[in-house]
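One letter stands for each residue in the lines below.
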Amino acid sequence: MNILVLLRMVPDVVEELEVAPDGKALDLDAARMILSESDGHALEQAFLLKERYGGKVSALALDAPEVDDALFSALAQGADRAVKITGAEADLTTCGGAHLFADVIASTAGLLPAELVLTGVQAPDDLDGLIAPLVALKLGWPTVGIVTKVEVDAGAGAATVTREYSGGLRGEFELPLPAVLGIQAAEKPPRYVPVAKVRAAMKTQKIETADAPAAGPPARVEVLAMAKPEAAGHAEMLEGSPEDVAARLCGILAERGLL
Amino acid sequence: MTATEAPPQVACEITLETLEQFPEGRRVLSCIQCGVCAGTCPYGDVMDYPPRRIIAMLRAGLLEEVITSDSLLSCVACYACMAKCPRGIQLTEVLLPLVKEQVFMRLPETPAELQKALQNTLRYGNPSGESPRKRAAWVKTAGYPVRILAEDPRPVDVLWHVECQNSYHPRGQAISRATVKLFHHLGIDFAILGNEEKCAGECARLVGEAGLFDALTDYNMAIFRKYRFNRIVTSGAHAYDAFQYQYRAAGFDYPFEQTTPFLAKYVDRLKPLLTKKLGYTITYHDSCCLGRHNGFYDEPRALLKAIPGVKLVDMVHNRINGICCGGGGGGMWLDTYFKAKGYERLSDRRVKEAVATGADVLAISCPFEVSRFEDSLKLLGYENRMVVRDVTELLAEAMEA
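The residue numbering used here restarts from 1 in each chain and proceeds along that chain's sequence as written. Chains carry letters and ligands carry numbers; both start at the beginning, A for chains and 1 for ligands, and go up in the order they are written. Residues qualify for local features only when their pLDDT is at least 70, as the model is predicted, and side-chain atom pairs are given and counted only at 80 or more; totals for whole chains, interfaces and linings, by contrast, use all residues.

Draft legend 1. Expanded view of the overall build of chain B. Strands here mean DSSP runs of E at least two residues long; helices mean DSSP runs of H or I at least four residues long; both are numbered from the N terminus. The number of helices and strands found in chain B is 19 helices and nine strands. The C-alpha atoms of chain B give a radius of gyration of 21 Å, which matches the 21 Å a tight globule of 401 residues would have. Taken along the three principal axes of its C-alpha coordinates, chain B extends 65 × 50 × 35 Å. Counting other C-beta atoms within 10 Å of a residue's C-beta gives its exposure: the residue is buried at 20 or more, exposed at 12 or fewer, and partly exposed in between, where C-beta atoms are placed from the backbone. Within chain B, the proportion of its 401 residues that are buried is 51%. The contact rule is simple: place each C-beta atom from the backbone, and if two of them lie within 7 Å, those residues are in contact. Put simply, of all contacts in chain B between residues at least 6 apart along the chain, 79% involve residues at least 24 apart. Radius of gyration here is computed from C-alpha atoms only, and the compact-globule reference equals 2.2 Å multiplied by the residue count raised to the power 0.38.

Structure (structure tokens):
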């Protein structure tokens, strides 16, 4: 079974995020990039499927700072192939990214035929979770998102997936292969890869590069302005002895008719 | 042992397969199976393979069984087995790290808390996943000027290596502020690496993640080489240990000390500054790295005795017999894992001993111990009976200025 995993680097929120001087985008020079968390889960799910059913896992990533680290780490974890898509415009939209992935999947030798394309269901810069459905649309494959479990019956050419709904509900879907899945969480947390294995992968394995097609579709949504949230109010901290604090707390609750 | 005198170095190319080719490896094989190691190990009662059994299995060619079990994850690298071994086998220095490395590589699943700490250490240079750009943020609250070498690279006498816990943890930052106050009043010319500093990596190595340790060693050596200084003082007891026994192989040849023994050399100059009578009964917890592994038993006690109005009492287990806080060898990030297995938290065991002395202050000198012991005091309901203070905090408190 061939599994393709689509990876994207997103701003690491451990560092402060800044708005770029044009007031319309994040300042990517000030940000530090990290593999999108749910893409890490998509990768882990691919490894679990490979362990269960055999096959090959290929990781595809859009070029970004520190993306080589993420791809070598994927190779050390068990990916068979790593492809970096270079030359795309810097301010790629979600739609543009999805088109790029679909184009590269179709044009890079040996990626197709594939049974599954997995990617994170959402990312900090794709809260609508559009990457998987847009890639599916372009490839003409079926898709399900918010997936937390995947079973494959290669003989029948079908996958059974579990999709999460709010309120703790779960739905089970059967869909024909090939298919695109938006992974919410892998069946097990992403595995640890010892640094020595990543360093070994850097010495013995290669990241292939694929050129981005000259121009993607024109963006149809324009960002007019981006700003940091303004603090509208603040919490009042009650200080003093526990007795004083308790008395004031009771007073406030009573005052607001909550007691 | 003075800090600048190199201890016997362990051959870095030694592996489990080549033990017999090295004197320290042949020594391992000379084990008489007396079992003192297993008896003195704080988790010896719950380990499937305490050191004695590991050596027996190794000699019988059954090591595969040992390394495919997660038993050795409960080794907190406290050096108790090594300190007591009648054959002088370098268990914690040689055998256990080699075996743990194999155990770690084969773990079917890395405990989540540990995995996060290791990933954070690789990416951010600290196990708690804080921003490396904020490592020196605490300096604004230091109360005195603290020079950061990246901003002012002039040569300096003391390069103060703050370490992770004392850079980021609120209680650790309090220890850093106390350290700054002491350095200031002693007139020490010091500077820090600031945001360029990263974890020394000792715990990564002793939990079995040798590759991460090597990556950190390479990074830290390159940063040290950038600046000119006479000596290093580290607040990390574990960093001290790594410098002493591991970094030398990477060319680390600086004179260096850990804060507590460093300050003990200034005790005569400190005494006239310690004018405030504290009136505490203090019990001192010997850190495994500083105490058992490096013999600094008297230095912290000499500093505490220099504080006016202090009564020093020892716990039942003290000095070479001190019980580990449970934070070494990766244990700092295995509390959840140990709890799931039903093991007693070692810091709980230690805190019960501390409270039994009747002391009102538990003094420490390793940055891991503050949060571990404070958590245990709260869990056991002793938070009104005892506080945890670093030796530097008590010294700074006794300075009225």
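Draft legend 2. Spotlight on unusual backbone geometry. At the junction of A:L112 and A:P113, the peptide bond is cis and its omega measures out at 5° in the coordinates. Within the secondary structure layout, A:P113 lies in the loop between α3 (94-107) and β6 (116-120). One non-glycine residue, B:Y79, adopts positive backbone phi at about 70°. Mapped onto the elements, B:Y79 comes out in the loop between α4 (63-67) and α5 (80-84). The phi dihedral of B:R319 falls on the positive side, at around 50°, and the residue is not glycine. Relative to the helices and strands, B:R319 resides in the loop between β7 (311-313) and α16 (335-341). Overall, B:R319 belongs to the partly exposed group, with 15 C-beta atoms counted inside 10 Å.

Draft legend 3. View of the nonpolar core. Among the nonpolar cores identified, the biggest contains 188 residues, and A:V5, A:A59, A:L60, A:I85, A:V135, A:L181 and B:L395 are the most heavily contacted of them. Per-element tally for this core: the top contributor is helix α6 (residues 91-106) of chain B, with eight residues. Apart from the residues within four sequence positions on either side, A:L181 is in contact with A:L116, A:L118, A:A132, A:T143, A:V144, A:V147, A:V150 and A:V161. Put simply, a nonpolar core is a cluster of buried Ala, Val, Leu, Ile, Met, Phe, Trp, Tyr and Cys residues tied together by C-beta atoms within 7 Å.

Draft legend 4. Main features of the environment of B:A150. All names here are of chain B. Structurally, the position occupied by A150 is in the loop between β1 (147-148) and β2 (156-161). Taking the C-beta count within 10 Å as the criterion, A150 has 16 such neighbours and is therefore assigned partly exposed. Once the C-alpha coordinates of A150 and L193 are considered, the two residues, 43 residues apart in sequence, prove to be 6.8 Å apart. Excluding its chain neighbours within four sequence positions, the residues that come into contact with A150 are G194 and E196.

Draft legend 5. Structural view of the domain arrangement of chain B. Residue and element names in this part refer to chain B. For chain B, the assigned domains are domain 1 (19-106), domain 2 (112-264) and domain 3 (267-397). Where a domain begins and ends is set by an automatic assignment or by a domain database. Here the C-alpha centre of domain 2 lies 30 Å away from the C-alpha centre of domain 1. The partner domain 2 presents seven residues to the seven residues of domain 1 that form the contact. Here the nonpolar group is Ala, Val, Leu, Ile, Met, Phe, Trp, Tyr, Cys and Pro; Asp, Glu, Lys and Arg are the charged ones; every other residue, Gly included, is treated as polar. The class makeup of the residues in the side of domain 1 that touches domain 2 is four nonpolar, no polar and three charged.

Draft legend 6. Structural detail: the environment of A:V121. Residue and element names in this part refer to chain A. Looking at the secondary structure, you find V121 in the loop between β6 and α4 (131-139). Remark: the alpha-carbon pair of V121 and E37, spanning 84 residues in sequence, is separated by 9.8 Å. Residues within four places of V121 in sequence aside, it is in contact with S38, G129, A132, G145, I146, G182, I183 and Q184.

Draft legend 7. Quick peek at the packing of helix α5 (residues 195-204) of chain A against helix α11 (residues 210-226) of chain B. To define axes, lines are fitted to C-alpha atoms, for helices over the stretch in contact only, and angles between the resulting N-to-C directions are given on a 0 to 180 degree scale. Look at α5(A) against α11(B): their axes get within 6 Å of each other, and the N-to-C directions meet at 70°. Looking at the two axes, α5(A) sits roughly perpendicular to α11(B). Residues A:V195, A:A196 and A:R199 of α5(A) touch α11(B), and the partners they reach there are B:A210, B:G211, B:L212 and B:A215. In terms of residue class, the contact of α5(A) with α11(B) is made up of five nonpolar, one polar and one charged. Any angle between 65 and 115 degrees counts as roughly perpendicular, while under 35 counts as roughly parallel, over 145 as roughly antiparallel, and the rest as oblique.

Draft legend 8. Region of interest: the pairing of strand β1 (residues 2-7) of chain A. Residues and elements named next belong to chain A. Among the six residues of β1, five are classified as buried, and the element is accordingly described as predominantly covered. As paired elements, β1 and strand β4 (residues 56-62) share six bridges and run parallel to each other. Residue pairing across strands places L6 opposite L60, the latter belonging to β4. Here four bridges tie β1 to β6, and the two strands are oriented parallel to one another. Paired with I3 across the two strands is L116, which belongs to β6. Strand pairing is assigned whenever DSSP identifies at least 2 bridges connecting the two strands.

Draft legend 9. Representation of the interface of chain A and chain B in the model. Facing the eight residues of chain A at the interface are 15 residues of chain B. For the side of chain A that touches chain B, the residue count by class is six nonpolar, no polar and two charged.

Draft legend 10. Quick look at α3(A). Residue and element names in this part refer to chain A. A helix is expected to span 1.5 Å multiplied by its residue count minus one. Given a rise of 1.5 Å per residue, 14 residues ought to cover 20 Å, and the 20 Å separating the end C-alpha atoms of α3 matches this to within 8%. Listing the buried residues of α3 in full gives G96, G97, A98, H99, L100, F101, A102, V104 and I105. Residues of α3 that are buried in the fold lie against β1, β4, β5 (81-86), α4 and β11 (208-211).

Draft legend 11. Broad picture of the sheet that holds β1(B). All names here are of chain B. Strands sit in the order β1-β3-β2-β4-β5 across an open sheet of five strands; the sheet is parallel. The sheet is open, and its two borders are formed by β1 and β5 (256-258), each paired with just one other strand. Examined bridge by bridge, strand β4 (residues 229-234) and β5 share three bridges and lie parallel to one another. Paired with I232 across the strands is F256, a residue of β5.

Draft legend 12. Quick peek at the sheet that holds β1(A). Residues and elements named next belong to chain A. Across the sheet, nine strands lie side by side as β9-β8-β7-β10-β6-β1-β4-β5-β11; this open sheet has mixed pairing. Two strands close off the open sheet at either side, each with one partner strand: β9 (170-176) and β11. On average, adjacent strands in this sheet sit at an angle of 30° to one another, irrespective of strand direction. Pairing of strand β8 (residues 158-164) with β9, which is carried by seven bridges, proceeds in the antiparallel orientation. For V161, the partnering residue across the bridge sits in β9 and is F173. Against the sheet, α4 engages β1, β6, β7 (143-153) and β10 (179-183), with an angle of about 175° to β10.

Draft legend 13. Structural view of the pairing of β7(A). Residue and element names in this part refer to chain A. Sheet topology places β7 next to β10; three bridges connect them, and they run parallel. Bridge pairing in β10 places V147 opposite I183. As judged from the six bridges shared by β7 and β8, these two strands associate in the antiparallel manner. Within β8, the residue paired with V150 across the bridge is V161.

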